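Structural overview
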Amino acid sequence: MFKKILIANRSEIAVRIIKTCREMGIISAAIYSDADITSLHTRMADEAYYIGASAASESYLNKNKIIELAKSIGADAIHPGYGFFSENALFIEEVEKSGITFIGPSSKSVKMMGSKTAARSLMSRNNVSVVPGTLDAIKNVEEGIAISEKIGFPVLLKASAGGGGKGMRKVTSKEEFKSAFESTKREALKSFVNDEVYIEKFIEKPKHIEVQIIADKHGNYRHVFERECSIQRRHQKIIEEAPSSFVDDITRNKITNAAIQAAKACGYYNAGTIEFLMDSNKDFYFLEMNTRIQVEHPVTELISGIDLVREQISIAAGNKISFKQNDISIRGYALECRIYAEDSSNNFLPSTGKILHYKEPNGIGVRVDSGFSAGSEISIYYDPMIAKLICWDKDRASTINRMKRALEEFQIGGITANIKFLSAILNHSIFTNGSYDINYIDNLDYQEIEVKSSKNENQEFEVAASALASLLKLNQKTKNVKRKANNSNNWWEQNYE
């Protein structure tokens, strides 16, 4: 087993990995930028190392710095978390060449699944159903219009190297095609340094269903059931649940088998997720593969009892999967709400600044994965997610009620968070009856679902008072403490609270 793991990430996923490392007796080494000097992952790790300026390109996306640091501190493995370098085949190749173990799949598998068109083609050859469309990038407007008319409008133009909702346009007629094609190519080039675009049939009112798979280097494959991630805003997930209330046992058997087949097609090992679109008839189509741990992995952990990060580390060390398929079953229901620093009443404007007051909910069946605490800074440089609130109970209705309670107890002062918006969604009948699709949020009138109650207003006064007290306390403390790049982590000696 590994002695020391360098975590090439930040915030809540870094904290999540640190916790499992500690349970496994592995030394955790964190990296941090200027913006993250007070972040939770920096304080929690056994060792923490300054990696560069706040801009990700100078810190968390500095490939050479990270690999050289790993060598210099004697790390025998690197865990990438999600985002940043987690799906970068070139980074993985460099890690492999350095003699350090990458906790994730091979660079070959990542490369195979990194191109959406190549992945679609591979799935098609291996009898995994794909959304009707092109298997190769389209060359020009004329070819694109001809293909779209054959498939039938509406269609989706999608960046071949895309992800996170970027490089994607819905086209409803041939008159719209030219401008949509050109703008999609521009966005794809800017975001992914690759302007290749392909076409998919636009599926009306689909659900986003994904399957968690795990594979080892000995040729063993397992699935850990499905998650539903259809509550999205502009293709970014907000609420996830497991299992899906829409998927019956017969469909579950079909979609999990398809996911295993997809993983085998690219010789995959470690944790990964196969994403599908499912129509109203429960027919499903391969969308993409995420070759990493997913943001929403906790809901799968809660219904299965499997520590997915532990499995990742163990598999990377050469061990077999710790469980057989028949060893696990779905136990209860789990929901995850992503707590973002953003103002839902003001077009989801990001909210930055210092968190002055922070109090997490707790109790039976309540889990919070967070990268922040009182005194932490929400910066302009990174994703605005503060925490993930995950609840579990015996069934979906009970879990929704538990989540409502937990959201009411979550207190964050100093910045604006989306807690009221999440509560409003959970109280909406379309969510509670499970009839929503991926267009649900984008079609909502936000003002219509705003939750206003005297209870919430009173809580806001309490948070404001606590925030003021925290601010006065923080002002008495020494500011801008710098860490040495070769220190063990003695953060608590720095007089921060």
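Residues numbered from 1 in each chain as written. Predicted model: local features only at pLDDT ≥ 70, side-chain atom pairs only at ≥ 80, totals over all residues. Heavy atoms only, no water.

1. Topic: the overall build of the protein chain
Stated precisely, the cut-off is as follows: By definition, any uninterrupted DSSP run of H or I lasting at least four residues is a helix, any uninterrupted run of E lasting at least two residues is a strand, and each is numbered from the N terminus. Think of it in three bands: residues with accessible area under 20% of the maximum for their type are buried, residues over 50% are exposed, and the middle band is partly exposed, with areas taken using a 1.4 Å probe on protein chains only. Residues are treated as being in contact if the distance between any of their heavy atoms lies within 4.5 Å. For the accessible areas, the method is Shrake-Rupley and the probe is 1.4 Å, while residue cover comes only from the protein chains on display.
A count of helices and strands for the protein chain gives 15 helices and 22 strands. Counting every position in the protein chain, which comprises 497 residues, the buried fraction comes to 57%. Long-range pairs, those at least 24 residues apart, make up 67% of the contacts in the protein chain with a sequence separation of at least 6. About 20700 Å² of surface is accessible on the protein chain, with carbon and sulfur atoms providing 48% of the total.

2. Digging into the nonpolar core
Spelled out, the test is: For this analysis, a nonpolar core means a set of buried residues of the types Ala, Val, Leu, Ile, Met, Phe, Trp, Tyr and Cys, connected via side-chain atoms within 4.5 Å.
Counting 64 residues, the largest nonpolar core has Ile5, Leu6, Ile66, Ile78, Phe91 and Ile313 as its most contacted members. Setting aside anything within four residues of it in sequence, one finds Ile313 in contact with Met1, Phe2, Ile5, Thr20, Cys21, Met24, Ile26, His79 and Ile103.

3. Some points on the environment of Ser280
As for its position among the elements, Ser280 is in the loop between strand E12 (270-278) and strand E13 (284-290). Owing to a relative accessible area of 62%, Ser280 belongs among the exposed residues under this scheme. In this structure the C-alpha to C-alpha distance between Ser280 and Ser435, which are 155 residues apart in sequence, comes to 9.9 Å.

4. So, the confidence of the model for the protein chain
Heads up, the rule is: Here pLDDT means the predictor's own confidence in every residue, given as a number from 0 to 100.
With 89% of its residues at a pLDDT of 70 or more, the protein chain has an overall mean of 90. This model gives residues 490-497 a pLDDT under 50, and the stretch forms 17 contacts once residues within four places in sequence are excluded.

5. Topic: the packing of aromatic side chains
Rules: Pairing of aromatic rings covers Phe, Tyr and the six-membered ring of Trp, with a centre-to-centre limit of 6.5 Å; geometry is then stacked below 30 degrees between planes, edge-to-face above 60, and tilted otherwise.
Taken as a whole and assessed by the stated rule, the structure comprises twelve aromatic pairs. A centroid spacing of 5.6 Å and a plane angle of 80 degrees characterise the contact between Tyr60 and Tyr382, whose relative ring orientation is edge-to-face. Of this pair, Tyr60 sits in the loop between strand E3 (47-52) and helix H3 (63-72) while Tyr382 sits in the loop between strand E20 (377-378) and strand E21 (385-393); the two residues are 322 residues apart in sequence, bridging distant segments of the chain. Here Tyr60 and Tyr382 have matching classes, each one buried.

6. With respect to the sheet that holds strand E19 (residues 366-370)
Note the threshold: For two strands to pair, DSSP has to find at least two bridges joining them. Helix axes are fitted only over the stretch in contact, all axes being lines through C-alpha atoms; the angle between N-to-C directions runs from 0 to 180 degrees.
Spatially, E13-E12-E9-E10-E11-E14-E21-E19 is the arrangement adopted by the eight strands of the open sheet, whose pairing is antiparallel. Edge positions in the open sheet fall to E13 and E19, since each of these has one partner strand only. Each adjacent strand pair in this sheet contributes to an overall mean axis angle of 25 degrees, direction not counted. Here strand E9 (residues 207-215) runs beside E12; their pairing, made up of nine bridges, is antiparallel.

7. Digging into unusual backbone geometry
Cis geometry is adopted by the peptide bond preceding Pro154, which originates at Phe153 and carries an omega value of 0 degrees. Position of Pro154 relative to the elements: it lies in the loop between helix H7 (141-151) and strand E6 (155-163). Here the amide bond leading from Ala242 into Pro243 is cis, since omega sits at -5 degrees, within 30 degrees of zero. Relative to the assigned elements, Pro243 resides in the loop between strand E11 (236-242) and helix H9 (249-265).

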